[in-house]
Amino acid sequence: MLLASELGTLFRRVRTIAMLGALALVPILIAVAVKVTTAGDSGRGPAFLDQITQNGLFVAFTALVVSIPLFLPMTVGVVAGDTIAGEASHGTLRYLLVAPSGRLRLLAVKYAGAAAFCLAATSVVVVSGVIVGALLFPVRDVTLLSGDTIGPGDFAIRCVLLAGYVVLSLLGLSAIGLFISTLTSVPVGAMAATIVLSAVSQILDNLPQLEAIQPYLFSHLWLGFGDLLRQPISWDSYGQNALLQLGYVTVFGGAAVWRFLTKDVLS
Amino acid sequence: MPQLAIETHGLTKRFGAQLAVDGLDLAVPAGTVFGFLGPNGSGKTTTIRMLLGLASSTDGEIRMLEEAMPSAIESVLPRVGALVEGPAFYPFLSGRANLLRLDAADRRSPLGTRRARVDAALERVGLTAAARKRAHAYSLGMKQRLGLANALLAPRDLLILDEPTNGLDPQGTREVRAIIRSVADEGATVFVSSHLLSEIEQLCSHVAVMSRGRLVAQGTLQELRAQSIRRLVVLSPDPDAARRVLAGLGLAPSVRVCPDGGAELTAELPDPTMLAENATRALVEAGVRVRGIAVAGETLEERFVALTGEGFDVAG
Amino acid sequence: MNRYARWIPAVAVPALVVAGAIAVPAVASAAPTLPEKSPAQVLAMVADAKGVSYSGTLEQSSNLGLPQLPASAASPHAAASDSTAADLLQLLSRTNRIRVYVDGETKQRVQVLDDLAERDVVRNGSTVWTWDSKGRKATKVTLPSKGAATKSDSTVTPASLAAKLIAAVQPATQLSVSSTASIAGRDAYQLTMTPKTAGTLVRDVVLSVDAKTGLPLQVRVDATGQKAAAVTVGFTAIDYGKPDAKLFDFSAPSGAKVTTKDLSQAKRPEGNHGAVPQGADAARPSTVGTGWSTIAVLPAASDDRSRGLQSQKLFGQLTQKVAGGSAVQTSLVSVLFADDGRVLVGAVPVSALQAAAG
């Protein structure tokens, strides 16, 4: 019941709706830009961009690729960083705890809310991409990375798997945000720290000197969803990513629990 | 021994090197309206946070509603309504939505009666008309009343109210007092903190006084009044003679010369059995002319200033 | 103390995760016990393992001591002239994932799994497709129908083939079946080939062979003076089931650039092992030395291809000036671009190449 209230509060909030709206704009902007400049087939640009003109179903995919490094971590950072710090800054944290919500339960509900936002954000990009792609471009069979061709129905299943992969990828970041959020009562600080960490992780992932630690960075497998576009699907990165994110959720979730259960709520 | 709604033993809170609350032994009898008085920064809010399990104590024990805190927090807090350090709400939600959310936070509160209880609480604090307005549009007084409504969402055995009339106009203050009295009439214990003596005097039957983290007095208001020092005030045109007589009685009067040539002599009466009439007879027998004689009781305010070493905002 | 006790899980759980991440891989690689076999028996198993159906994932990693370049330098956005060299460099310096699907001898598919890209080779009978998702390029090759050459080989038994192989490598190589290992969850024999000469950079080559099927599961090349393996190619997962037949049923997707090559009617030049590009004879390499320390000497190219190569930025980053030319020294292989245009390559130190160049 607290979860229902949390979701209601989160998704009725203007800020949340605005962020989801901005994410919905990503595929629309991509599709319109490609449509307007469609005259010259440059063959350059991000992967798949040139395939959009041939197949509208690629709009959703391209939008996800574009959103993963920045837009999704940014919005997730805002929501995850706000979880506890936001309540603390409103002063509502003390009233929730006095209700009493139970500290562990509140933390769990807050994390579930952040995870629900990850799902909503990813779904918004995919659904908006599919709709605008179908409106502006032809919809036909999809060529996979392996060169094999599948029908739109099979592609829809892969899109769902893809969205699941992206949501999974964001769970570790959400746990980090939750932990940082228990450290402060300044939500903007927690949000910024979470977003900066996601950027730092991606930068470290690109420095060859740090190859030894790269497999343990939470963003290491963010772009590994290409494996879902092979024939047959390669589940390796899905499984590895699940394990990696589970590790982050456990470590930072544990740290958040430890911190929040012992914290004096003075705001 | 009456039942105690709140009981602490040696309750202590230390922030680094600073002792915010030092060895507090509170005893709040059940069914009373209990005033928790102290200047700002004397440790009242920190004590309330510890009572409600928001902050951990460095040392000491807390029992609330006959159960140990914070280990029994899940069974105690549903019976406690609280207003802690001012009201706080989600500014983007309506007053009503705020209450619905805070009620949902309590796992034990029944969903079936939630809307009815929220509406009743809003009605009780007079916010029914503004229930659908967003909380950020509320005046401070409205927020204060909404906070009170939150504390009254369910039938409570104990209300802990931190500065409940802060920021209210005189009309709002009267209304809040009426609400607190009505809750007390229903049998609940009300624990009200305030830095305003007048607030406590008008509402409470019992009082505890905090100063710099320590409890300096505790008891009924009458007990505290009885402890206060009485003074003998003599108006006489013969101040020197009067002073000699009073000194002969063992008093140490201070003399203030009035512009008309007379003087006002003031002396503390150390012993309650020492009656003012003895002084009157002695003055008359010594031929001292007396314009007026009176026994002045110390005001509660003066008493608390003496206890805490600080002044109170009497006017608020 | 009760208040502290409830925090124990919050501390213990992360500790367990970290401990698990370290301990589990260590436990998984316990050595199995298998009946002993000689090198010849192991090689016979490999030769006998034809017609096996399986699918699996391979990982290829190199540790050649090449300079590390940022990923952007090896991206397709780099200057076109650099891209081929960069691709090669990427293959050598990065860990590559490869999937293979094999259904007997006539149906195979190999997929090189790149980030958001893939290169495929699909063979179905006499048709071979290659596919590169980056350029959406496909090539269809029709193979010659099986000629007499392969037919005549069929009389060779696995055992005799193994014996021939051993006879060929024996003079220069010490063979041993050293220890048994577990590769991709399969018990395996490890055949270690150690060069008898000290003049090579190769310390040993270890071939791991599935103890049940005889399929080579891993090849590892160790270099002298380096603890980590120089090159490793091996299965990380393998499944001996028959792959889905649809996987071999490849045709170029719409919109792809398709090139067709028909080799079925191509004349096979005498003594040649397939189609060799024209003009190759002019630059036929010669060799110096024997066995592991053999050095290949490529004569100076008639065109100015090598000069073009030397003007590339990558070339400068990879090579260092030595007496008589520019050299690339890796832990396993050395290359000397001699000043006279010759290129010397061998699994030997650069000094040996300089000596060979004279």
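Cut-offs and rules
Residues numbered from 1 in each chain as written. Chains lettered and ligands numbered in written order. Predicted model: local features only at pLDDT ≥ 70, side-chain atom pairs only at ≥ 80, totals over all residues. Heavy atoms only, no water. Helix = DSSP H or I, 4+ residues; strand = E, 2+ residues; numbered from the N terminus. Buried < 20%, exposed > 50% of the residue type's maximum accessible area, 1.4 Å probe, protein only. Contact = heavy atoms within 4.5 Å. Areas by Shrake-Rupley, 256 points an atom, 1.4 Å probe, with all protein chains shown as cover. Salt bridge = Lys/Arg side-chain N within 4 Å of Asp/Glu carboxyl O. Buried area = accessible area lost by both parts, 1.4 Å probe. Core = buried A, V, L, I, M, F, W, Y, C linked by side-chain atoms within 4.5 Å. Phe/Tyr/Trp six-rings, centres within 6.5 Å; stacked < 30°, edge-to-face > 60°. Lys NZ or Arg CZ within 6 Å of the ring centre and 35° of its normal. pLDDT = per-residue confidence, 0-100. Pairing = 2+ DSSP bridges. Axes fitted to C-alpha atoms, helices over the stretch in contact; angles between N-to-C directions. Patch = residues over 30% accessible without salt bridge, like charges linked within 9 Å, V, L, I, M, F, W, Y side chains within 5 Å. Parallel < 35°, antiparallel > 145°, perpendicular 65-115°, else oblique. Left-handed = near helix turned anticlockwise from the far one by under 90°. Nonpolar A, V, L, I, M, F, W, Y, C, P; charged D, E, K, R; others polar.

Structural notes on the overall build of chain B
Phase 1: For chain B, the count of helices and strands is eleven helices and 15 strands.
Phase 2: Every one of the 316 residues in chain B was classed for burial, and the buried ones make up 53%.
Phase 3: Considering only intrachain contacts with a sequence separation of at least 6, the fraction spanning at least 24 residues in chain B is 68%.
Phase 4: For chain B, the accessible surface area stands at approximately 14,100 Å², while carbon and sulfur atoms represent 50% of it.

Some words on the pattern of salt bridges
Phase 1: Summed over all chains, the structure comprises 32 salt bridges over all chains.
Phase 2: Arg 230 of chain A is the partner of Asp 227 of chain A in a salt bridge, and the nearest nitrogen-oxygen pair spans 2.8 Å. Both residues of the pair, Asp 227 of chain A and Arg 230 of chain A, belong to the buried class.
Phase 3: Beyond isolated ion pairs, a larger network of salt bridges with shared partners links Asp 227, Arg 230 and Asp 236 of chain A together with Arg 97 and Glu 118 of chain C.

Some words on the interface of chain B and chain A
Phase 1: Taken together, the contact between chain B and chain A spans 34 residues of the former and 27 residues of the latter.
Phase 2: Contact between chain B and chain A buries roughly 2,700 Å² in total, counting both sides, with carbon and sulfur atoms accounting for 59%.
Phase 3: Across the chain B-chain A interface, the total number found is three salt bridges.
Phase 4: A salt bridge links Lys 13 of chain B to Asp 264 of chain A, with the nearest nitrogen and oxygen atoms 2.4 Å apart.
Phase 5: The element that contributes the greatest number of residues to the side of chain B that touches chain A is helix α3 (residues 95–105) of chain B, accounting for four residues.

Details of the interface of chain A and chain C
Phase 1: Of the residues lining the interface, 33 residues belong to chain A; the matching set on chain C comes to 32 residues.
Phase 2: Of the roughly 2,500 Å² buried where chain A meets chain C, counting both sides, 56% is carbon and sulfur surface.
Phase 3: Broken down residue by residue, the surface that chain A buries against chain C is led by Leu 145, Pro 208 and Arg 230 of chain A, which jointly contribute 19%.
Phase 4: Here chain A and chain C share four salt bridges between them.
Phase 5: Of the charged contacts in the structure, one is a salt bridge between Arg 109 of chain C and Asp 148 of chain A, with a shortest N-O distance of 2.7 Å.

Brief notes about the nonpolar core
Most often, soluble globular proteins have nonpolar side chains that are buried together.
Phase 1: Grouped together as the largest cluster of nonpolar side chains are 102 residues, with contacts concentrated most on Leu 52, Met 64, Val 80, Ile 160, Val 190 and Phe 191 of chain B.
Phase 2: Core analysis: the second largest hydrophobic core is formed by 60 residues, Ile 30, Leu 170, Ala 190 and Phe 225 of chain A among them.

Concerning the packing of aromatic side chains
Phase 1: Enumeration over the complete set of coordinates arrives at 16 aromatic pairs over all chains.
Phase 2: For the pair Phe 58 of chain A and Phe 61 of chain A, a centre-to-centre distance of 6.3 Å together with 85° between the ring planes defines the contact as edge-to-face. Of this pair, Phe 58 of chain A and Phe 61 of chain A both sit in helix α3 (residues 58–67), separated by three residues, roughly a single helical turn. Of the two residues, Phe 58 of chain A and Phe 61 of chain A, both sit in the buried class.
Phase 3: Judged by centre distance (5.7 Å) and plane angle (15°), the ring pair of Phe 34 of chain B and Phe 191 of chain B falls under stacked. Note that Phe 34 of chain B is positioned in strand β4 (residues 33–37) and Phe 191 of chain B in strand β9 (residues 189–194), a separation of 157 residues in sequence. For the pair Phe 34 of chain B and Phe 191 of chain B, a shared accessibility class is recorded, and that class is buried.
Phase 4: One aromatic cluster is present, built from ring pairs that chain together Phe 58, Phe 61, Phe 155, Tyr 165, Phe 225, Trp 235 and Tyr 238 of chain A.
Phase 5: Sitting above the plane of the Phe 260 of chain A ring, Arg 103 of chain A keeps its charged end 5.9 Å from the centroid.

Things to note about the confidence of the model for chain B
Phase 1: In this model, chain B carries a mean pLDDT of 86, and residues with pLDDT of at least 70 account for 95%.
Phase 2: For chain B, the element scoring lowest by mean pLDDT is helix α11 (residues 300–308) of chain B, at 75; strand β8 (residues 158–162) of chain B scores highest, at 94.

Digging into the sheet that holds strand β16 (residues 325–329) of chain C
Residue and element names in this part refer to chain C.
Phase 1: Reading across the sheet, the six strands line up as β13-β14-β18-β17-β16-β15 and stay open at both edges, with antiparallel pairing between neighbours. The sheet is open, and its two borders are formed by β13 (286–288) and β15 (320–322), each paired with just one other strand. The average angle at which neighbouring strand axes cross in this sheet is 25°, direction not considered.
Phase 2: Here β16 pairs with strand β17 (residues 334–338) via five bridges, running antiparallel. Note on β17: the bridge partner recorded for Val 328 is Val 335.
Phase 3: Those strands touched by helix α9 (residues 350–357) are β13, β14 (295–298), β15, β16, β17 and β18 (343–346), and its axis lies near 35° from that of β17.

Points about a nonpolar patch on the surface
Phase 1: A cluster of nonpolar side chains, Leu 25, Ile 28, Leu 29, Val 32 and Val 36 of chain A, forms an exposed patch at the surface whose accessible area comes to about 440 Å².
Phase 2: Judged by its relative accessible area of 57%, Leu 29 of chain A falls in the exposed class.

Quick look at the pairing of β4 of chain B
Residues and elements named next belong to chain B.
Phase 1: When you tally the buried positions in β4, you get five out of five residues, the bulk of the element.
Phase 2: Neither face of β4 is exposed, since Val 33, Gly 35 and Leu 37 on one face and Phe 34 and Phe 36 on the opposite face are all buried.
Phase 3: Pairing between β4 and β9: five bridges, direction parallel. Following the sheet pairing, Val 33 is matched in β9 by Val 190.
Phase 4: Pairing of β4 with strand β10 (residues 206–211), which is carried by four bridges, proceeds in the parallel orientation. Bridge pairing links Phe 36 to Ala 208 in β10.

A few points about the confidence of the model for chain C
Caution applies to low-pLDDT parts of the model: their predicted coordinates are not meant to be read in detail.
All names here are of chain C.
Phase 1: Chain-level pLDDT for chain C is 77 on average; 73% of the residues reach the 70-or-more range.
Phase 2: Looking at the elements of chain C, mean pLDDT is at its lowest for helix α5 (residues 148–153), recorded as 44, and at its highest for strand β5 (residues 127–132), recorded as 91.
Phase 3: In the predicted structure, residues 70–82 sits below a pLDDT of 50 and forms 13 contacts with residues beyond four places in sequence or in another chain.
Phase 4: This stretch, residues 269–281, has a pLDDT under 50; its non-local contacts, to residues over four places away or in other chains, come to one contact.

Remarks on the packing of α3 of chain B against helix α4 (residues 114–124) of chain B
Residues and elements named next belong to chain B.
Phase 1: One can describe the packing of α3 onto α4 by two numbers: an axis separation of 10 Å at closest approach and a directional angle of 125°. It follows that α3 is oblique to α4 by the angle criterion. Relative to α4, α3 is oriented so that their crossing is right-handed. Residues Arg 96, Leu 99, Leu 100, Asp 103 and Ala 104 of α3 touch α4, and the partners they reach there are Arg 114, Arg 115, Arg 117, Val 118, Asp 119 and Leu 122.
Phase 2: Partitioned by chemical class, the residues of the contact of α3 with α4 number five nonpolar, no polar and six charged.

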